[in-house]
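# Per-entry structural report
What follows is the residue order along each chain.
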Amino acid sequence: MSQAAVAPKGADAYECFEVTVEDKIAHIQMKRPDAFNTMNKAFWRELPEIVRDIDANARARVIVISSTGKHFTAGMDLTVFGDGSLGGEMERGRRNSTIMQAALTLQKVFNCLDEARVPVLMALQGGCIGGGVDFASACDIRYATKDAFFCVQEINIGMTADVGTFPRLPHLLPQGLVRELCFTGRRMGAEEAAANGFVTRVFENHEELLKGVMDIAKEIASKTPLAVWGSKEMLNYARDHSIADGLKHIAVWQAGMYQGADMAEAFKAKAEKRDPDFDDLPPIKNPMGDVLGGGS
């Protein structure tokens, strides 16, 4: 991958996002500030396309997701469900099945962040509301401005959050706090989020936030991507399995993926007082030989 490049479709190809890749860092920026970056139909279509293209084509070693305007996102755009497409006049059981399938489809969108081989960092400012909490919960690390706040808004509009908040939040926050947030719909500020581990670091303003997160992304991008992928794989696997399962999984991974060349390069670079030069991850190909993420 070149040192400075734009994702194949270019910065103006997406309705909801601007996408750039530079110095092995992919920056996915939400760009609808006048609409408070609500998650409309284009959002749900574009996000997985962008992330899977970056991952499958090995375009970057780390992804940073940020936003624009006063708020990170006001959450779900209700027009996603406002066109009568979820079953219409079908028999009740069949109509309800379309609602279940719609929820599963939306869940898969945020799963792409969990499944990507590279770490996903999120930089949040202002409100992160409703579906925004689902979004943030699926990222590897979250950073925020001091004015940021989080709200499980669904309870305030008479529904249960269904796109990832409940499966993921209990792994990121204490159970009692998760239940309070989900039952009351109150706002959790950046300092409280940081004190409880949901946010890793709080920055004074948006400018400092982006600079700080990009610095962290550069540090991650300087490491061998194979070991970073292995670390993310092991952390996610351990989250979802027993300790015994996790220990066995890392042993199998090391037997297959550890070859020693990256470690040798790390030691050599340190001895020669230079930055290490690691190979990028290979593109992901299907059995027919095509790159799964598309693009070039």
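Going by the structure above, here's the rest.
Overview of the structure. (Residues numbered from 1 in each chain as written. Predicted model: local features only at pLDDT ≥ 70, side-chain atom pairs only at ≥ 80, totals over all residues. Heavy atoms only, no water.)

This brings us to the state of the cysteines. What the rule picks out here adds up to 0 disulfides. Looking at the unpaired Cys-16, the closest cysteine sulfur is the one in Cys-112, lying at 14 Å. (Disulfide = S-S within 2.5 Å.)

Before going further, it helps to spend a moment on the side chain of His-27. Along the polypeptide, His-27 turns up in strand 3 (residues 25–30). Judged by relative accessible area, His-27 falls into the buried class, the value being 14%. Of the polar contacts made by the side chain of His-27, one reaches the side chain of Ser-66; its length is 2.6 Å. His-27 has contacts with Glu-18, Val-19, Thr-20, Val-64, Ser-66 and Met-214, leaving out every residue within four places of it along the chain. (Helix = DSSP H or I, 4+ residues; strand = E, 2+ residues; numbered from the N terminus. Buried < 20%, exposed > 50% of the residue type's maximum accessible area, 1.4 Å probe, protein only. Polar contact = N/O pair within 3.5 Å; in protein donor to acceptor, adjacent residues only side chain to side chain. Contact = heavy atoms within 4.5 Å.)

Under the 1.5 Å per step criterion, the end-to-end length of helix 7 (residues 206–221) is 22 Å for 16 residues, consistent within 8% with the ideal 22 Å. Among the residues of helix 7, Leu-209, Gly-212, Val-213, Met-214, Ile-216, Ala-217, Ile-220 and Ala-221 are the ones counted as buried. The inward-facing, buried residues of helix 7 contact strand 3, strand 4 (62–66), strand 5 (120–124), strand 7 (141–145), strand 10 (201–203) and helix 8 (225–240). Between a side-chain oxygen at the N-terminus of helix 7 and the backbone nitrogen of Glu-207 the separation is 3.2 Å; the capping residue is Asn-205. (Expected span 1.5 Å × (residues − 1).)

Where a strand is regular, its side chains alternate between the two sheet faces. Residues of strand 2 (residues 17–22) alternate between two faces, with Phe-17, Val-19 and Val-21 buried on one and Glu-18, Thr-20 and Glu-22 left unburied on the opposite face. Where strand 2 hands over to strand 3, the hairpin turn is made up of 2 residues, of which Asp-23 adopts a positive phi near 55°. (Pairing = 2+ DSSP bridges.)

Moving on, we get to the nonpolar core. In terms of nonpolar packing, the biggest core is built from 54 residues, with Phe-17, Phe-43, Ile-65, Phe-110, Leu-113 and Phe-135 touching the most fellow members. Ranked by residue count, the leading element in this core is helix 1 (residues 41–56), at 7 residues. (Core = buried A, V, L, I, M, F, W, Y, C linked by side-chain atoms within 4.5 Å.)

A separate point is the packing of aromatic side chains. What characterises a pair of aromatic rings is the spacing of the ring centres plus the angle enclosed by the ring planes. Within the structure shown, the criterion is met by 10 aromatic pairs. When the centroid spacing of 5.4 Å and the interplanar angle of 35° are considered together, the rings of Phe-17 and Phe-43 count as tilted. A residue pair is termed long-range when its members are at least 10 positions apart, and Phe-17 in strand 2 and Phe-43 in helix 1 qualify at 26 residues. Ring geometry for Phe-110 versus Phe-135: centroids 5.1 Å apart, planes at 10°, classification stacked. You can see Phe-110 sitting in helix 2 (residues 92–115) and its partner Phe-135 sitting in helix 3 (residues 131–137), a full 25 residues away along the chain. Grouping residues by exposure puts Phe-110 and Phe-135 together as buried. Put simply, the rings of Phe-17, Phe-43, Trp-44, Phe-72, Phe-110 and Phe-135 touch in pairs and so form one group of aromatic residues. It is Arg-117 that lies over the ring of Trp-229; its NZ or CZ is 5.5 Å from the centre. (Phe/Tyr/Trp six-rings, centres within 6.5 Å; stacked < 30°, edge-to-face > 60°. Lys NZ or Arg CZ within 6 Å of the ring centre and 35° of its normal.)

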